[in-house]
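Residue-level structure breakdown
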Amino acid sequence: QVPALVDDTTKTVPFSLSIDGGHTFSPLSERTEFTYIDVDMFTLSPRLGHNNTQLHITGSGFGLNTKCLFDDVGVPTRILSEEELECDAPEMAPNSLVNVDVEVDGLVANRLFPFRYVLEPHIQVLSPSSGPLVGGTPVLLRGHGFLESAFISCKFGDTV
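Notes on the structure follow. (Residues numbered from 1 in each chain as written. Predicted model: local features only at pLDDT ≥ 70, side-chain atom pairs only at ≥ 80, totals over all residues. Heavy atoms only, no water.)

Describing the overall build of the protein chain
Our working rule: A run of H or I in DSSP counts as a helix once it spans at least four residues, and a run of E counts as a strand once it spans at least two, with each numbered from the N terminus. When we talk radius of gyration, it's over C-alpha atoms, and the globule rule is simply 2.2 Å times the number of residues to the 0.38. Each residue gets one of three labels from its accessible area relative to the maximum for its type: buried under 20%, exposed over 50%, partly exposed in between, using a 1.4 Å probe on protein chains only. Contacts are assigned to residue pairs with any non-hydrogen atoms lying within 4.5 Å of each other. The accessible surface values rely on the Shrake-Rupley method and a 1.4 Å probe; as for residues, cover is taken only from the protein chains in view.
Across its full length, the protein chain carries zero helices and 16 strands. Its C-alpha atoms give the protein chain a radius of gyration of 24 Å, clearly above 15 Å, the size a compact globule of 160 residues would have. Here the C-alpha coordinates of the protein chain stretch approximately 80 × 35 × 25 Å along the principal axes. In the protein chain, which comprises 160 residues, the proportion classed as buried is 22%. Excluding contacts between residues fewer than 6 apart, the proportion of contacts in the protein chain whose partners are at least 24 apart in sequence is 46%. Of the roughly 11400 Å² that the protein chain leaves accessible, carbon and sulfur atoms contribute 54%.

Next up, the structure:
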């Protein structure tokens, strides 16, 4: 069992072995180290989406061997920093509710943020399909897969 790290400024410590009940310790023949990893997950956005939705996660301790977990399904991440990463929601059935977590070098944050899979929206009609440069034109969308949500946004070119 690994003891707790008392001095949190040190992340990597030398490892040695005792065969006499802890009276003497000998370093192993090759330099062996143990690295403490402080992995945590603070936020997940968005909390609903469809297959391949890009998720943004904040936390701590993210590194090269980090993956997102959707229940038991691990997916690769795009590390933005030690505190931010992105990953894409894997294929799951609509209306599935999964727990999202982060794993770094086999260590799981155990935060379990819920993520709900929904149908991908499909637009069949945009009316009108043009308007003045000053903006402000109300538009009507017809299609399916629309949700009643405070997070729905429309994007015109690069403008949300």
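Concerning the environment of Arg111
Formally: Counting of polar contacts relies on pairs of N or O atoms within 3.5 Å, with two restrictions inside protein: one atom must be capable of donating a hydrogen and the other of accepting it, and residues adjacent in sequence are counted only when both atoms are side-chain atoms.
Here Arg111 is to be found in the loop between β13 (107-108) and β14 (113-117). Each C-alpha atom, one on Arg111 and one on Val100, is 7.9 Å from the other, the two residues being eleven residues apart in sequence. Arg111 has contacts with Asp40, Met41 and Asp101, leaving out every residue within four places of it along the chain. Among the polar contacts listed, one links the side chain of Arg111 to the side chain of Asp40, at a separation of 2.6 Å.

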